[in-house]
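Examination of the molecular architecture
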Amino acid sequence: MNRREFSKHMLMLGIGAQASCTVDMSKVDINLGNYYEEPAKKLPVRKFDVVVAGGGTAGVVAALAAARQGAKTALIEVKGYPGGTVTEGGTALHSFYNLWKAFPGVKKRQVVRGIPQEIIDRLMKVGGTSGHAEMSKGYDFDSICTAIDTELYKLVTMQMLAEAGVFIAVNTMLTGAIMDGARIKGVIAESRSGREAFYAKSFVDCTAYGDLAAFAGADYKVPNDYACCNSVGIGNVDIDKYHDFMKSNGQIEQIAFGTRSGEPDKIVRVQGPRGQAFSAEANKIGMSSVTTTVHDNYLMFIKCNFKVPGTVLSRDDMAKAELEVRKRMAKAVELFRKYVPGCEKAFMARTSPTLCIRRGRLITCDYDITHEDVIEGRHFDDDVMAYGFHDSAPRFQVKNGGTYGIPYRALRVASIENLLVAGMMITSDHRAHMSTRNTVSCMGQGQATGTASALCAAKNCGTRDLRYSELRKALVNGGVYFES
Ligand SMILES: Cc1cc2nc3c(=O)[nH]c(=O)nc-3n(C[C@H](O)[C@H](O)[C@H](O)COP(=O)(O)OP(=O)(O)OC[C@H]3O[C@@H](n4cnc5c(N)ncnc54)[C@H](O)[C@@H]3O)c2cc1C
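Residues numbered from 1 in each chain as written. Predicted model: local features only at pLDDT ≥ 70, side-chain atom pairs only at ≥ 80, totals over all residues. Heavy atoms only, no water.

What about the site of the ligand?
So the rule is basically this: Neighbouring residues are identified by heavy atoms, a residue being near a molecule or strand if any of them is within 4 Å of it. For this analysis, a polar contact is any N or O atom pair within 3.5 Å, provided that within protein one partner can donate a hydrogen and the other can accept it, and provided that sequence-adjacent residues contribute only side-chain to side-chain pairs. The method behind every accessible area is Shrake-Rupley, applied with a 1.4 Å probe, and residues are considered shielded solely by the protein chains displayed. Numbering of helices and strands starts at the N terminus; helices are DSSP runs of H or I of at least 4 residues and strands are runs of E of at least 2. Each residue receives one of three labels: charged for Asp, Glu, Lys and Arg, nonpolar for Ala, Val, Leu, Ile, Met, Phe, Trp, Tyr, Cys and Pro, and polar for the others, Gly being one of them.
Around the ligand, 36 residues are found, and the nearest of them are Thr 57, Glu 77, Thr 85, Ala 92 and Arg 437. Asp 211 has a polar side-chain atom sitting 2.8 Å from a nitrogen atom of the ligand. Here the ligand loses 96% of its free accessible area of 1,000 Å² to cover by the protein chains. Counting residues per element, the ones that place at least two in the shell around the ligand are helix 2 (57–68), strand 7 (173–180) and helix 11 (439–459). Split into classes, the residues belonging to the shell around the ligand amount to 14 nonpolar, 16 polar and six charged.

Regarding the state of the cysteines
For clarity, the cut-off: Note on terminology: disulfide denotes any pair of cysteine sulfur atoms within 2.5 Å. Accessible area is worked out with a 1.4 Å probe on protein chains only. A residue is then buried under 20% of its type maximum, exposed over 50%, and partly exposed in between.
The full count for this structure, using the stated rule, is zero disulfides. Lacking any disulfide linkage, Cys 229 is separated from the closest cysteine sulfur, that of Cys 356, by 6.3 Å. A relative accessible area of 4% places Cys 229 in the buried class. No disulfide involves Cys 442; its sulfur sits 9.0 Å from the nearest other cysteine sulfur, which is in Cys 206. By relative accessible area, which is 6% here, Cys 442 ends up buried.

Thoughts on the nonpolar core
The following threshold applies: Put simply, buried Ala, Val, Leu, Ile, Met, Phe, Trp, Tyr and Cys residues joined by side-chain atoms within 4.5 Å make one nonpolar core. Residues are treated as being in contact if the distance between any of their heavy atoms lies within 4.5 Å.
Ranked by internal contacts, the top residues of the largest apolar core, which has 93 residues, are Val 51, Ile 119, Phe 198 and Val 384. Those residues in contact with Phe 198 that lie beyond four places of it in its chain are Arg 46, Phe 48, Val 51, Ala 74, Ile 76, Phe 167, Ala 169, Lys 185, Gly 186, Val 187, Ala 189 and Phe 203. Judged by nonpolar contacts, the second largest core, of 37 residues, contains Val 232, Ile 239, Met 246 and Ile 357.

Let's talk about the side chain of Arg 269
Position of Arg 269 among the secondary structure elements: in strand 14 (residues 263–271). Judged by its relative accessible area of 2%, Arg 269 falls in the buried class. Within polar-contact distance, the side chain of Arg 269 engages the side chain of Gln 254 at 2.8 Å.

Quick notes on the side chain of His 243
Mapped onto the secondary structure, His 243 falls in helix 6 (residues 239–248). Owing to a relative accessible area of 13%, His 243 belongs among the buried residues under this scheme. When residues no more than four places from it in sequence are discounted, the contact partners of His 243 are Ile 252, Ile 255, Ile 267 and Val 270.

Here it is in structure tokens:
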């Protein structure tokens, strides 16, 4: 029904301006102009040393690192909990270790430590992780996979943030930047408590979408080079029967054993053939095949991949995609019930609250990590962490099972003086991004940026004026591992 038909319909019903209404809405002209000019408004100001935008994979660690350096730190997160994509998207945390197995003579070593490892330790105490589970099969792909209980991750990280004295602004969306030339003076945050300004000396953008960088006027691109995805957790399944079913269809392709429901040496990751009928239907909904868990009777992260026609920055494109992916998730559970023994009474136990992206905005930084840097295992004179995982292994792997460095300059936003970024927003080359975007890399970047922003705030300096030797010392004190 269009507007004219609507009015006619209402008149026929005897409803309209002539009816005995106390308010005559026909006098409110909604047809005037395409823009509304907001009146200026005074906002209450909160003051901090460091503001971290986005409390996801990288942001949690950034806020913890900044607060532990003694900075008065605020974390602004639009959802009601911290964790971001690590709790919503993927299979398991990849990876705290180098990919050593394909290289005889190369030693297994844990290359990401510090706060990311502390989170795993805390999770282990409450039964919230498989631990660092070594692949027994499919080892040339990823040698260690660390699965988490997504709900306990949210709780444990929020507790850690509170213990560190971080001002946790959840259910709060960052909607603007207040600039003073090339410096950010503050950000605008909106919540049910109203619109507020958060002033600070240093800022870290961990929003995945690069919202703060974009509001601040940084250069960016939108590569749109990945499928989006939503993941569904399936309850009431029998993991051992599921494994046996795949085994009966042919060879198990990937398997890892770790802690499951408190017991060691249980299957926590498995991939194998699920039969032709299942596979044909699974392909139609973009369902991926690797499954992980940390609990009996539960398959986490059944992923339905979907390339959004349009862009992940468009609300309307994403609205259509959200509906499409919800249909696919329901279908995914149906397929498990129909085809997989042990899943006859499976149900949708959790879904990601919104579509997960693998990349939103790509923010231009002082340095862009190349694929050569990654596979050649290059280190830099301003390394802030080492990393050794590649999501495209064995096709692409770090040379000799080693590591490459993430340099500080790759996290400094070009043209903005007091803004760092961490997470999926860096690295333009898709192949290199297949390494830097992984969770454990994002977490390490979080510790680096949080530490650096706190030091900058303490010294009242911009991100480019911070002495590397001081940053390195603080990172080492925070437990960060360096190769040399
Ligand atoms: C489907 C999928 C599967 C994956 N599988 C794996 C895997 O198996 N292993 C692996 O290691 N990696 C995997 N990855 C990659 C990895 O999970 C992500 O790259 C990583 O978690 C991104 O971390 P981040 O900190 O950049 O973003 P996020 O963790 O998404 O954090 C961004 C946070 O910012 C918040 N936010 C956004 N905008 C605003 C705003 N304006 N105001 C306030 N808050 C805001 C969000 O709510 C969110 O909490 C996968 C990714 C996806 C999407």
